[in-house]
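The lines below spell out each chain.
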There are 4 protein chains.
Amino acid sequence: MIESVLEFRVRYAETDQMGVVHHANYLIWCEMGRTDLLRRLGASYAELERQGVFLAVSAARLRLRRAARYDDLLRVRTLLRRLRSRSVTFSYVVEHTDGRGTLAEVETDLICLDSARSACKLPAALLETLRRARSAASLEGTIDAVPGLNTGVE
Amino acid sequence: MIESVLEFRVRYAETDQMGVVHHANYLIWCEMGRTDLLRRLGASYAELERQGVFLAVSAARLRLRRAARYDDLLRVRTLLRRLRSRSVTFSYVVEHTDGRGTLAEVETDLICLDSARSACKLPAALLETLRRARSAASLEGTIDAVPGLNTGVE
Amino acid sequence: MIESVLEFRVRYAETDQMGVVHHANYLIWCEMGRTDLLRRLGASYAELERQGVFLAVSAARLRLRRAARYDDLLRVRTLLRRLRSRSVTFSYVVEHTDGRGTLAEVETDLICLDSARSACKLPAALLETLRRARSAASLEGTIDAVPGLNTGVE
Amino acid sequence: MIESVLEFRVRYAETDQMGVVHHANYLIWCEMGRTDLLRRLGASYAELERQGVFLAVSAARLRLRRAARYDDLLRVRTLLRRLRSRSVTFSYVVEHTDGRGTLAEVETDLICLDSARSACKLPAALLETLRRARSAASLEGTIDAVPGLNTGVE
């Protein structure tokens, strides 16, 4: 299980006067997906922070294709995309639960910070956990490139 | 005057438990800059919406370089980057007002929607306003490519 | 079924630099509870708005007793507290799902607005739905006064 | 100078699909006013936290009278309302800068927490600063009761 699939319902407060979800909320939903993926991998992010390990977003790329609306039932699918010694990239797809097509594709790069908020290497245990996830993903072929996103900001 | 420079102070609610500003807020600050740039160009976005013209974010690319903190005095500089018949791209730099270096570089693509929220061409008047801004910018050389962002999602 | 019990997990973005949930989020969670209660009563709020009926918060009273933290599993319990021809009051309790005690007690007053956003009477059908809910509640004795909140702003 | 008057412009992201500002934002604006008032009193709240002193909202009472809209120019006026050894109450009025009447009246109670987040007495220096502000206020008669709010949650 190396893909997280997290369902949630759109909140009224997430809409704006255009009548649809404000785009900044997609980053928050992706963060929920990231938390859930780490939990599935056995690595509670809340616990990581208590141990002085922080993953901070250093870059994000969003492609918003269709609007989400209040009370819609959505899901965010989260995958580990790329793993390096000091950073990790996750990709996300936000979609309706009823298969009405993709709402958004997102990628976020995160760097590892220590308790002094200085950049550092991913702790060995976290790296190993993520590495296993990635291998499994490659074998299962579930990590596909998100068109138009994987050549983004480096 | 085709660059908007908007100052603001970081709100407590914009921080998260990492002790710095949550990354989703950069998109909101950029939106403030965009509103301000349009106002400087003589095109109130609030008025545009009342006339049935909507600019919806279709893509965003963020590069977060340094953390912003509660009560920091920041500014967002906003430029029109690219203009097409149906879309427009703005670029943004978020920085401390005291010149302590760049916090974030952002680009957002916006598409034009009509009152039925269908994609449409930018109204002629808006297109002309934006075109003049861009010409002025080119003459003044104030639009520089943001390194690492201008080859992003298309 | 006239009490809504809605479970949710605290999002990272909901925390602030104090290391706990920012207090403004309680109003958003209550809104989620309100949406859920209306759904259980058979009155979709999304559908009400499409029909030109709006319920706008005119007052809110919050008592925050204990802090919620990132990744906590919480629930909001929502009850219809008071029903008038032009307004309705809901009360809420936010608590941990594991029974570790109450985090917050909230009440919100909502007034009915028509499509021109003018105050109006609750539509007969909505009033009737809510009235039934309240009768059931009284019979079951599930609506207890929230100490310290029910003498608030009028 | 013991009243803070802070101007700001409504952000697009602060609206919801009702076409007006979502009510939770009033708490965030009040927080901005509170920060500003403390600064005018010579007590930076950011600095207080660095010294291990935290003021946490324990209760809030909001009366929302009129809706604020995107791009509106508003101000929040903040006053110290009540001072005790372990808590302090601020009151706020949110209004248009052009004198079109009050949008909202709010009160928040804050309790003092130490670095372990346990309730404690206000530090002597902070208490003294706030006490002077209150005396000045009483002399100047600028603290009037906000009708309908000052009998709220205790």
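As shown above, the structure is provided for reference.
Rules behind the numbers
- Residues numbered from 1 in each chain as written.
- Chains lettered and ligands numbered in written order.
- Predicted model: local features only at pLDDT ≥ 70, side-chain atom pairs only at ≥ 80, totals over all residues.
- Heavy atoms only, no water.
- Helix = DSSP H or I, 4+ residues; strand = E, 2+ residues; numbered from the N terminus.
- Buried < 20%, exposed > 50% of the residue type's maximum accessible area, 1.4 Å probe, protein only.
- Contact = heavy atoms within 4.5 Å.
- Areas by Shrake-Rupley, 256 points an atom, 1.4 Å probe, with all protein chains shown as cover.
- Buried area = accessible area lost by both parts, 1.4 Å probe.
- Salt bridge = Lys/Arg side-chain N within 4 Å of Asp/Glu carboxyl O.
- Polar contact = N/O pair within 3.5 Å; in protein donor to acceptor, adjacent residues only side chain to side chain.
- Nonpolar A, V, L, I, M, F, W, Y, C, P; charged D, E, K, R; others polar.
- Phe/Tyr/Trp six-rings, centres within 6.5 Å; stacked < 30°, edge-to-face > 60°.
- Lys NZ or Arg CZ within 6 Å of the ring centre and 35° of its normal.
- 1 Å grid on protein atoms, 1.4 Å probe; cavity = no way out; pocket = protein on both sides within 12 Å on 5 of 7 lines; lining within 4 Å.
- Points joined across faces, edges and corners; volume = space filled by probe spheres on them.
- Pairing = 2+ DSSP bridges.
- Axes fitted to C-alpha atoms, helices over the stretch in contact; angles between N-to-C directions.
- Least-squares fit on C-alpha atoms with pLDDT ≥ 70 in both.
- Expected span 1.5 Å × (residues − 1).

Things to note about the overall build of chain A
Point 1. Helix and strand counts for chain A stand at 3 helices and 5 strands.
Point 2. Moving toward the C terminus, one meets the helices and strands of chain A in the order β-α-α-β-β-β-β-α.
Point 3. A total of 154 residues make up chain A; the buried ones form 61% of that total.
Point 4. Contacts in chain A between residues far apart in sequence, at least 24 positions, make up 69% of those at least 6 positions apart.
Point 5. Of the roughly 6100 Å² that chain A leaves accessible, carbon and sulfur atoms contribute 49%.

Remarks on the interface of chain A and chain D
Accessible area lost upon the coming together of the parts is a frequently used measure of interface size.
Point 1. Contact residues are listed per partner, giving 9 residues for chain A and 9 residues for chain D.
Point 2. Summed over both partners, the interface of chain A with chain D comes to about 880 Å²; 55% of that surface belongs to carbon and sulfur atoms.
Point 3. Between chain A and chain D we count 0 salt bridges in total.
Point 4. Taken together, chain A and chain D are joined by 6 residue pairs in polar contact (both at pLDDT 80 or more).
Point 5. Broken down by class, the residue content of the side of chain A that touches chain D amounts to 4 nonpolar, 4 polar and 1 charged.

Details of the side chain of Asp109(B)
All names here are of chain B.
Point 1. With respect to the helices and strands, Asp 109 occurs in strand β5 (residues 102-113).
Point 2. A relative accessible area of 9% means that Asp 109 is categorised as buried.
Point 3. A polar contact is formed between the side chain of Asp 109 and the side chain of Thr 89, at a distance of 2.8 Å.

Details of the packing of aromatic side chains
All names here are of chain A.
Point 1. For the structure shown, the criterion picks out 20 aromatic pairs over all chains.
Point 2. Aromatic side chains Phe 8 and Trp 29 sit 4.8 Å apart centroid to centroid with 50 degrees between the ring planes, which places their arrangement in the tilted category. Taken together, the residues Phe 8 in strand β1 (residues 4-9) and Trp 29 in helix α1 (residues 25-40) connect sequence positions 21 residues apart. This pair shows no difference in class: Phe 8 is buried, exactly as Trp 29 is.
Point 3. Chaining the aromatic ring pairs together yields one cluster made of Phe 8, Tyr 26 and Trp 29.
Point 4. In this arrangement the basic side chain of Arg 117 is found over the ring face of Phe 54, its NZ or CZ atom lying 3.9 Å from the centre.

Thoughts on empty space enclosed by the protein
Point 1. Applying the stated criterion across every chain, the model contains 1 cavity of 30 Å³ or more.
Point 2. Approximately 720 Å³ is the volume found for the largest cavity.
Point 3. Taken together, 32 residues form the lining of the largest cavity, with Ile28(A), Ile28(B), Ile28(C), Asn25(D) and Ile28(D) sitting closest to its centre.
Point 4. Elements represented by at least two residues in the lining of the largest cavity include exactly α1 of chain A, α1 (25-40) of chain B, α1 (24-40) of chain C together with α1 (24-40) of chain D.
Point 5. In terms of residue class, the lining of the largest cavity is made up of 12 nonpolar, 12 polar and 8 charged.

Brief notes about the sheet that holds strand β4 (residues 87-96) of chain D
Point 1. Strand order in the open sheet made by the 10 strands is β1(C)-β3(C)-β4(C)-β5(C)-β2(C)-β2(D)-β5(D)-β4(D)-β3(D)-β1(D), with antiparallel pairing throughout. Only two strands of the sheet have a single neighbouring strand rather than two, namely β1 (4-9) of chain C together with β1 (4-9) of chain D. Strand-to-strand, the axes of this sheet are offset by a mean angle of 25 degrees, without reference to chain direction.
Point 2. Where β1(C) lies against strand β3 (residues 73-83) of chain C, 6 bridges are found, and the strand directions are antiparallel. Following the sheet pairing, Leu6(C) is matched in β3(C) by Val76(C).

Notes on the relation of the copies chain A and chain D
Point 1. With an axial shift of 0.0 Å and an RMSD of 0.0 Å, the rotation relating chain A to chain D amounts to 180 degrees. Both chain copies can therefore be described as sitting about a two-fold axis.
Point 2. Counting the interface residues of chain A, we find that 100% of their copies in chain D are interface residues as well, pointing to one common contact surface.

Observations concerning α1(B)
Residue and element names in this part refer to chain B.
Point 1. Over its 16 residues, α1 extends 23 Å from the first C-alpha to the last, a length consistent with the 22 Å expected when each residue adds 1.5 Å.
Point 2. Counting buried positions along α1 gives 14 out of 16 residues, so the element sits mostly inside the fold.
Point 3. Gly 42 sits one or two positions beyond α1 and adopts a positive phi of about 85 degrees.

Digging into the environment of Ile2(D)
Point 1. With respect to the helices, strands and loops of the structure, Ile2(D) is situated in the segment before β1.
Point 2. Taking the C-alpha atoms as reference points, Ile2(D) and Arg134(D), 132 residues apart in sequence, are found 7.7 Å from one another.

Section: α1(C)
Residue and element names in this part refer to chain C.
Point 1. With 17 residues, α1 ought to run about 24 Å at 1.5 Å a step, and its terminal C-alpha atoms sit 25 Å apart, in line with that.
Point 2. For α1, the buried fraction is high: 15 of the 17 residues fall into the buried class.
Point 3. Directly beyond the C-terminal end of α1, a positive phi value near 85 degrees is found at Gly 42.

A word on unusual backbone geometry
Residue and element names in this part refer to chain C.
Point 1. The backbone phi angle of Asp 71 is positive, close to 75 degrees, even though this residue is not glycine.
Point 2. Along the chain, Asp 71 turns up in the loop between β2 (54-64) and β3.
Point 3. The exposure class of Asp 71 is buried, given its relative accessible area of 15%.

Quick notes on the sheet that holds strand β2 (residues 54-64) of chain A
Point 1. If you trace the 10 strands from one edge of the open sheet to the other, you get β1(A)-β3(A)-β4(A)-β5(A)-β2(A)-β2(B)-β5(B)-β4(B)-β3(B)-β1(B), paired in antiparallel fashion. The two strands at the open ends of the sheet, each matched to only one other strand, are β1 of chain A together with β1 (4-9) of chain B. Between one strand axis and the next, the sheet turns through 25 degrees on average, direction left out of account.
Point 2. Pairing geometry for strand β3 (residues 73-83) of chain B and strand β4 (residues 87-96) of chain B, over 9 bridges, is antiparallel. Bridge pairing in β4(B) links Thr78(B) to Tyr92(B).
Point 3. The strands touched by α1(B) within the sheet are β1, β2 (54-64), β3, β4 and β5 of chain B, with β1(B) carrying the most contacts at an inclination of about 135 degrees.

Functional significance is not addressed by these values, which are geometric in nature.
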